[in-house]
Amino acid sequence: MHDIETLITHFLSVSWGPVMPVGEALGAIEAAKGNNGYYLISDGSTVSYRTRIRTPSFPHIQMVPFLSRGMMIPDLIVILGSLDFVLADVDR
């Protein structure tokens, strides 16, 4: 930070963020309720071209028709309670 060029570079890096390299990236972590996946596509700008976040709650809810086949309506409450899903993840 001794001359104006490094100050400008630092300001742009902080205000706009770093430039993401062109390409695709997939990162997965294991969380408490299942696997979280983060998929990014970059076109070389400071923000991703496409971001896809896969949370475990949506695949859990997709199992409800399979788990509730042949059951009664009151059993559906118990099945939904046992899945322990997060509604904000499912609502996407």
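Above this note sits the structure.
Here goes a summary of the coordinates provided. What you see is a predicted model; the values in this text were computed from it and never measured. (Residues numbered from 1 in each chain as written. Predicted model: local features only at pLDDT ≥ 70, side-chain atom pairs only at ≥ 80, totals over all residues. Heavy atoms only, no water.)

## Considering the overall build of the protein
Here comes step 1: Along the backbone of the protein there are five helices and three strands.
Here comes step 2: Counting from the amino terminus, the protein carries its helices and strands in the arrangement α-β-β-β-α-α-α-α.
Here comes step 3: A globule of 92 residues ought to have a C-alpha radius of gyration of about 12 Å, yet the protein, at 21 Å, is considerably larger.
Here comes step 4: Along the longest, intermediate and shortest principal axes, the C-alpha atoms of the protein span 75 × 25 × 20 Å.
Here comes step 5: Partitioning the contacts of the protein with sequence separation of at least 6, the portion at a separation of at least 24 is 30%. (Helix = DSSP H or I, 4+ residues; strand = E, 2+ residues; numbered from the N terminus. Rg over C-alpha atoms; globule rule 2.2 N^0.38 Å. Contact = heavy atoms within 4.5 Å.)

## Some points on the sheet that holds strand S3 (residues 50-54)
Here comes step 1: Read across the sheet, three strands follow the order S1-S2-S3 without closing on themselves; strand pairing throughout is antiparallel. The open sheet has two edge strands with one neighbour each: strand S1 (23-30) and S3. Taking the axes of each pair of neighbouring strands and ignoring which way they run, one obtains an average angle of 10° across the sheet. (Pairing = 2+ DSSP bridges. Axes fitted to C-alpha atoms, helices over the stretch in contact; angles between N-to-C directions.)

## Description of the pairing of strand S2 (residues 35-42)
A regular strand carries its side chains on alternate faces of the sheet.
Here comes step 1: Sheet analysis places S1 next to S2, joined by eight bridges and oriented antiparallel. Each bridged residue has a counterpart across the sheet, and for Ala25 the counterpart in S2 is Leu40.
Here comes step 2: Where S1 folds back onto S2 in an antiparallel hairpin, the turn is made up of four residues, including Gly34, whose phi is positive at roughly 150°.
Here comes step 3: As paired strands, S2 and S3 are joined by five bridges and run antiparallel to one another. Paired with Leu40 across the bridge in S3 is Thr51.

## Comments concerning unusual backbone geometry
Here comes step 1: Even without glycine at this site, Asp84 takes up a positive phi of about 55°.
Here comes step 2: Along the polypeptide, Asp84 turns up in the loop between helix H4 (73-83) and helix H5 (87-90).

## What to know about a nonpolar patch on the surface
Here comes step 1: A contiguous nonpolar patch, built from Ile4, Leu7, Ile8, Phe11, Leu12 and Trp16 and spanning about 640 Å² of accessible area, is present on the exposed surface.
Here comes step 2: Mapped onto the fold, Ile8 is located in helix H1 (residues 4-16).
Here comes step 3: Given a relative accessible area of 45%, Ile8 falls into the partly exposed group. (Patch = residues over 30% accessible without salt bridge, like charges linked within 9 Å, V, L, I, M, F, W, Y side chains within 5 Å. Areas by Shrake-Rupley, 256 points an atom, 1.4 Å probe, with all protein chains shown as cover. Salt bridge = Lys/Arg side-chain N within 4 Å of Asp/Glu carboxyl O. Buried < 20%, exposed > 50% of the residue type's maximum accessible area, 1.4 Å probe, protein only.)

## A short note on the environment of Tyr38
Here comes step 1: Mapping Tyr38 onto the fold places it in strand S2.
Here comes step 2: Taking relative accessible area as the criterion, Tyr38 reaches 37% and is therefore assigned partly exposed.
Here comes step 3: Tyr38 sits 12 residues away from Leu26 along the chain, and the two C-alpha atoms are 5.7 Å apart.
Here comes step 4: Setting aside residues up to four positions removed in sequence, Tyr38 forms contacts with Ala25, Leu26, Gly27, Ile29, Arg52 and Ile53.

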